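# Breakdown of the fold
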Amino acid sequence: MENNSRRKFISNTLTATVAVAVGAPLILNSNPASAATNSIFNPAEPFKFTQVPLPFKYADLEPSIDALTNEIHYTKHHTAYIKNVNDAIIAEKIPYTTEKEFFANASKLSAKARNNAGGAWNHNFFWESLKAPGATGPDGKLKDALTSAFGSVDKFKEEFGKAALGRFGSGWAWLVNDGGKLKIGSTANQDNPWFDNSELKGTPLLGLDVWEHAYYLKYQNKRADYITNFWNVVNWEQVAKRLG
Ligand code: MN
C-alpha cells in the first residue's frame, strides 16, 4: 500500500515536471499573451526575480542623471520592487516560471504582483539601456531602422520625447519592435509592452522611466529637460543588440 502511494506520488511528480517543461517554451511564441500556462507553483523552489548588477557607477551618468538619484533609484526603489514581487510569488503561490510568462498573464495577477513584477523587470532593462556620456550612435542597422520608421534619428528622438512627456503621471516611454515594425508608445505605472493587457505591443528596444523618482531631485518639475539629457547616456550598442 505504502509502495503504491509512493509510486503514485512519483508518477504525479513526474507528470507535473513534464508539464512545466512543456509549458515553458510556449511563452516564447511570437504572441506571448496567447500562451496558456501549465506551470505549477513549486514552494521548494519558487521563481524569483533578480536585480541586475548596475552596469555603471552611480556618478557615471553625471551630469545627465545625478549620482544620488541613481543610488536611491537602484538601492531603494528597484530593490523594493524585487523584494515585493518575490514576496507576492510566495504569498500568492504564483505558478509562473519566467518573467515573460508573468507578463503574458499580467491581467490575472494581483496589483502587488503585477506592479512589482513590472518594476523589477523594467528597471533591469532601464539600467542596461544606459551608459556613461560620450557614447556615439545610433549607427549601422539601428540607425537605418530608425530612419526608415521615423524619418530620421532626430525625428525618432522627438517622437519618443513626446511619448515620454505626454505620459500623464507615472509610467514609461518605449521603443518597441512589433514584428519588424518599430513603434513608440508609453505605458502607465510599471506596465510594459509584454503585458497581455498593454495597448502597446512588441519587443522593447529602449525604455525611459518617467516616474518623478527618476528625475525629481535634479530636475524637479522639468521632465522635458530630463528627457533631453537622457539622450546623452543611452547605450546604443545595447539597443542595437536588442534589435538583432
Ligand atoms: Mn523607477
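Below you will find a few notes about this structure.

## As for the nonpolar core
- Formed by 57 residues in total, the largest nonpolar core has its most connected members in F102, L208 and Y226.
- Ranked by residue count, the leading element in this core is helix α4 (residues 111-127), at 7 residues.
- Looking at which domains feed residues into this core, each of domain 1 (2-127) and domain 2 (140-243) gives three or more.
- The residues touching L208, leaving out its near neighbours within four places in the chain, are F126, F160, A164, G171, W172, A173, Y226, I227 and F230.

## Description of the packing of helix α2 (residues 67-91) against α4
- Taken N-terminus to C-terminus, the directions of α2 and α4 make an angle of 140°; their axes are 8 Å apart at the nearest point. Between α2 and α4, the angle falls in the class oblique. For the pair α2 and α4, the crossing hand works out as left-handed. When α2 is examined against α4, the residues N70, H73, Y74, H78, A80, Y81, I82, N84, V85, D87 and A88 are found in contact with a partner set consisting of K112, A113, N115, N116, A117, G119, A120, H123, N124, F126 and W127.
- Tallied by class, the residues present in the contact of α2 with α4 amount to 11 nonpolar, 9 polar and 2 charged.

## Describing the coordination of the manganese ion
- Taken together, H73 (NE2), H123 (NE2), D209 (OD) and H213 (NE2) make up the protein donors of the manganese ion, found 1.9 to 2.1 Å from the metal.
- When the donors of the manganese ion are listed by position in the chain, the intervening gaps give H-x49-H-x85-D-x3-H. Taken together, the positions of H123 in helix α4 and D209 in strand β3 (residues 203-209) put the pair 86 residues apart, joining distant regions of the chain. Residue H123 shares its accessibility class with D209, and that shared class is buried.

## Quick notes on the environment of E101
- Within the secondary structure layout, E101 lies in helix α3 (residues 99-104).
- Under the relative-accessibility criterion, E101 is labelled buried at 1%.
- Along the sequence, E101 and S39 sit 62 residues apart, while their C-alpha atoms lie 9.4 Å from each other.
- Here the side chain of E101 touches T97 through a polar contact of 2.8 Å, landing on its backbone nitrogen.

## Notes on the pattern of salt bridges
- On inspection of all chains with the given rule, the structure shows 6 salt bridges.
- In this structure, the salt-bridge partner of E158 is K155, at a minimum N-O distance of 3.5 Å. With E158 and K155 both in helix α6 (residues 153-166), this residue pair falls 3 residues apart, about one helical turn.
- The exposure class assigned to K155 is partly exposed, which follows from its relative accessible area of 34%.
- When the shortest N-O distance is used, the salt bridge between D178 and K183 registers 2.6 Å.
- The network of salt bridges with shared partners includes K155, E158, E159 and K162.

Definitions and limits used
Residues numbered from 1 in each chain as written. Predicted model: local features only at pLDDT ≥ 70, side-chain atom pairs only at ≥ 80, totals over all residues. Heavy atoms only, no water. Core = buried A, V, L, I, M, F, W, Y, C linked by side-chain atoms within 4.5 Å. Buried < 20%, exposed > 50% of the residue type's maximum accessible area, 1.4 Å probe, protein only. Helix = DSSP H or I, 4+ residues; strand = E, 2+ residues; numbered from the N terminus. Domains from an automatic or database assignment. Contact = heavy atoms within 4.5 Å. Axes fitted to C-alpha atoms, helices over the stretch in contact; angles between N-to-C directions. Parallel < 35°, antiparallel > 145°, perpendicular 65-115°, else oblique. Left-handed = near helix turned anticlockwise from the far one by under 90°. Nonpolar A, V, L, I, M, F, W, Y, C, P; charged D, E, K, R; others polar. Donors = N, O, S within 2.8 Å, 3.2 Å for Na, K, Ca; no water. Polar contact = N/O pair within 3.5 Å; in protein donor to acceptor, adjacent residues only side chain to side chain. Salt bridge = Lys/Arg side-chain N within 4 Å of Asp/Glu carboxyl O.

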